[in-house]
Amino acid sequence: MGGWKLFFFILNGNVDKIDLIILGTILVVGLFIGVVSFPNNIGLEVDNYANFYMSRRFQPTYWQNIYTGALYGGCLMVLPHPIALVLIQWIFFWAVVSYIYLGIKSLYAGNIKYLALLLFLLPESYYLSYNSYRNNYYSVLLLLYISYLYFYVKNNSEQIISRKNILLFSLFTSFLMVWRSEGVLIGVGGLSVFLIAINLKKAKKKIYFGVLILTIISTIFFSQIQSIGAKKYYGQDYMIINTTQVLYGMLNNPNINLSYDGAEEDLESIEAIVPVEVLKEYGMTGYRNYNWNKGRADFNQTLATDKQAADYMKGYRHIVLKNLSIFLDIQANSFFHALQLDTNRPAYEYKGAHEVVLSSFAYGPHQAGFTELVETKYTNMWSQNSARIVLNAIVGDFIGIWREFILNSGLNSIAHAVIFLMLVIIAIRELLRLLEKGEYRFFSVYFVIAAFIVLAECMVIMIFMPVAKEAYLYPMLYSGYLVILFYSLERTRINSL
């Protein structure tokens, strides 16, 4: 819907010719890249095949969240061909960055608007544009959410407090809080900023209650759609699998303490779901292989009872608390590795002879999704087209050279480190200004909330991330980039007054 609004906004002549040329060129180039790299880009994440397979049949994708499958289904309804997943994702990312670009232009003179276009050049943006993975879509959605809040705060028009805006904001906030668990922090922060903003716009008390009640009701509604099915088919399996790679690292650390009182019971609780030796030798892969060898249709399913799952998680928490330094070391190592930041922490792995031998798992929807993708009309023909293959190789080399330059030059590591440093500086600096009760204290409130929320999100991800996967950090990284950009713009404006 936002893409159509932007499209007609441009058609109505609301965009300058130079901006139209710039944004239009970027759109066309992005579409070209998406088309020539299809269908390869669908396979950037293997779960995309399963989501595609299940969404074609309107089967709920509870493991990847039901709304991920709904998003896939929506794309396929717009264009009943798998290339829709790539094209719509790129158009979504382009539309959000264009919205930020045009929003900055409406508030600030000069060429400062071009900073928004740097979002296209970040090495992670290729995945946000063409890899239909939940974290990638979610990251773009956060860019839209944060920028909407910023421009809403900056808009002094009274008419902006409307029932339509309140309803859309409440639904937007609720959806973010439900689609990914760390979205709860973003939603709470966004809701706080929104309530402060409408207070400054002299809103009536019933509007505050309206926002809160609508957000609570819609959050409960959205969450129940996912949680009822997830509990029925997976119970606490999503929480359990997130412990497996952590336990792999802990069990292979020679300094682990498993002699505390109750350790034997804790290990037995884990053993009741998956053998401890399997976790020690193989980690998450072993967990999935074990489930598969037990004849479970979905390798993520343990089919554990509620009591078994609760005992497992209780035992896991006990082991972590008794070995907290080892746990934090493993999580910090994974976090820094995902950020491409150097770490001197040793990573302990299993190096002995394997006592447990398991057949490798296979998942029907992954394989069936790939087969259906290839067999979709024109897909196989396009995939084997010699001109496409050459163009895809050229595009891939160009993008690869750019990514390698950013990564190998250290620029990406520097950018990641700067995000944290700047957010800490913003939080402390504006908190001190807030305590001074200066003229622009409400400006300080907004950015204190924003900086602390993104930092808190970062800490939550670091503590709970199951593996060192960069995609888990995309929402935090892009939120940080945008908060720093808006802060710099606003602080520059205030200093010039």
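See the structure shown above.
Remember, it's a predicted structure, so these values are computed and weren't measured experimentally.

This part is about the overall build of the chain. Within the chain one finds 22 helices and 0 strands. Taking 23 Å as the expected radius of gyration for a compact globule of 497 residues, we find that the chain reaches 24 Å, a close match to that expectation. On the principal axes, the C-alpha backbone points of the chain span a range of 70 × 65 × 45 Å. Of the roughly 24200 Å² of accessible surface on the chain, a fraction of 64% belongs to carbon and sulfur atoms. Taken as two groups, the 38 positive and 33 negative side-chain charges of the chain have centres that lie 14 Å from each other.

Together, Asp-261, Glu-264, Glu-265, Glu-268 and Glu-271 make up a negatively charged patch on the protein surface. On the secondary structure map, Glu-268 appears in helix H12 (residues 263-271). Judged by relative accessible area, Glu-268 falls into the partly exposed class, the value being 48%.

What follows is about a nonpolar patch on the surface. On the surface, Leu-115, Leu-118, Leu-121, Trp-402, Phe-405, Leu-411, Ile-414 and Val-418 cluster together to form a nonpolar patch covering roughly 710 Å² of accessible area. Among the elements of the structure, helix H19 (386-408) and helix H20 (411-436) are those that each provide at least two residues to the nonpolar patch. Judged by relative accessible area, Leu-115 falls into the partly exposed class, the value being 37%.

With that settled, consider helix H9 (residues 183-200). Helix length check: H9 (18 residues) gives 26 Å between terminal C-alpha atoms against 26 Å at 1.5 Å per residue, within 8%. For H9, the set of buried residues is Gly-183, Ile-186, Gly-187, Gly-189, Gly-190, Leu-191, Val-193, Phe-194, Leu-195, Ala-197 and Ile-198. Check the buried side of H9 and you find it contacts helix H7 (134-154), helix H8 (163-179), helix H10 (205-234) and helix H21 (441-464).

Direction vectors running N to C along helix H5 (residues 83-107) and H7 enclose 20 degrees, while the axes themselves pass 10 Å from each other. In terms of orientation, H5 lies roughly parallel with respect to H7. As for the relative orientation of H5 and H7, their crossing is left-handed in sense. Of H7, the residues touching H5 (which contributes Leu-85, Ile-88, Gln-89, Phe-92, Phe-93, Val-96, Tyr-99, Ile-100, Gly-103, Ile-104 and Leu-107) are Asn-136, Tyr-137, Val-140, Leu-141, Leu-143, Leu-144, Ser-147, Tyr-148, Tyr-150, Phe-151 and Lys-154.

This brings us to the pattern of salt bridges. Scanning the model with the defined rule gives 13 salt bridges in all. For Glu-372, the salt bridge is made with Arg-57, and the minimal N-O distance between the two is 2.2 Å. Here Glu-372 is found in helix H17 (residues 364-375), whereas its partner Arg-57 is found in the loop between helix H3 (47-56) and helix H4 (66-78), with 315 residues between them in sequence. Taking the relative accessible area as the measure of exposure, Arg-57 reaches 35% and is therefore partly exposed.

So, about the environment of Val-357. Mapped onto the elements, Val-357 comes out in the loop between helix H16 (324-338) and H17. A relative accessible area of 72% means that Val-357 is categorised as exposed. C-alpha separation for the pair Val-357 and Glu-281, spaced 76 residues apart in sequence, amounts to 9.8 Å.

The geometry of an aromatic ring pair comes down to the distance between the two centres and the angle between the two planes. Counting across every chain of the model gives 33 aromatic pairs. Considering the side-chain rings of Tyr-138 and Trp-179, the 5.9 Å spacing of their centres and the 70 degrees angle between planes classify their relative orientation as edge-to-face. Placement of the pair is Tyr-138 in helix H7 and Trp-179 in helix H8, with a sequence separation of 41 residues. Accessibility assignment for this pair places Tyr-138 and Trp-179 in one class, buried.

Met-284, Gly-286, Tyr-287, Asn-289, Tyr-290 and Asn-291 are the residues of helix H14 (residues 284-293) that are buried. In this fold, the buried residues of H14 make contact with helix H11 (237-251) and helix H13 (276-282).

With that out of the way, let us pick up unusual backbone geometry. The amide bond that connects Phe-38 to the next residue, Pro-39, takes the cis arrangement and shows omega of 5 degrees. Secondary-structure assignment places Pro-39 in the loop between helix H2 (17-36) and H3. Positive phi values are uncommon outside glycine, yet Asn-65 reaches one of about 85 degrees.

Here Ser-55 shows up in helix H3. Using a relative accessible area of 6% as the deciding quantity, one classes Ser-55 as buried. A distance of 3.0 Å separates the side chain of Ser-55 from the backbone oxygen of Phe-52, its partner in a polar contact. What Ser-55 contacts, discounting residues up to four positions off in sequence, is Gly-69, Tyr-72, Gly-73 and Leu-76.

What counts as what
- Residues numbered from 1 in each chain as written.
- Predicted model: local features only at pLDDT ≥ 70, side-chain atom pairs only at ≥ 80, totals over all residues.
- Heavy atoms only, no water.
- Helix = DSSP H or I, 4+ residues; strand = E, 2+ residues; numbered from the N terminus.
- Rg over C-alpha atoms; globule rule 2.2 N^0.38 Å.
- Areas by Shrake-Rupley, 256 points an atom, 1.4 Å probe, with all protein chains shown as cover.
- Lys, Arg positive; Asp, Glu negative; His and termini not counted.
- Charge placed at Lys NZ, Arg CZ, Asp CG, Glu CD.
- Patch = residues over 30% accessible without salt bridge, like charges linked within 9 Å, V, L, I, M, F, W, Y side chains within 5 Å.
- Salt bridge = Lys/Arg side-chain N within 4 Å of Asp/Glu carboxyl O.
- Buried < 20%, exposed > 50% of the residue type's maximum accessible area, 1.4 Å probe, protein only.
- Expected span 1.5 Å × (residues − 1).
- Contact = heavy atoms within 4.5 Å.
- Axes fitted to C-alpha atoms, helices over the stretch in contact; angles between N-to-C directions.
- Parallel < 35°, antiparallel > 145°, perpendicular 65-115°, else oblique.
- Left-handed = near helix turned anticlockwise from the far one by under 90°.
- Phe/Tyr/Trp six-rings, centres within 6.5 Å; stacked < 30°, edge-to-face > 60°.
- Polar contact = N/O pair within 3.5 Å; in protein donor to acceptor, adjacent residues only side chain to side chain.

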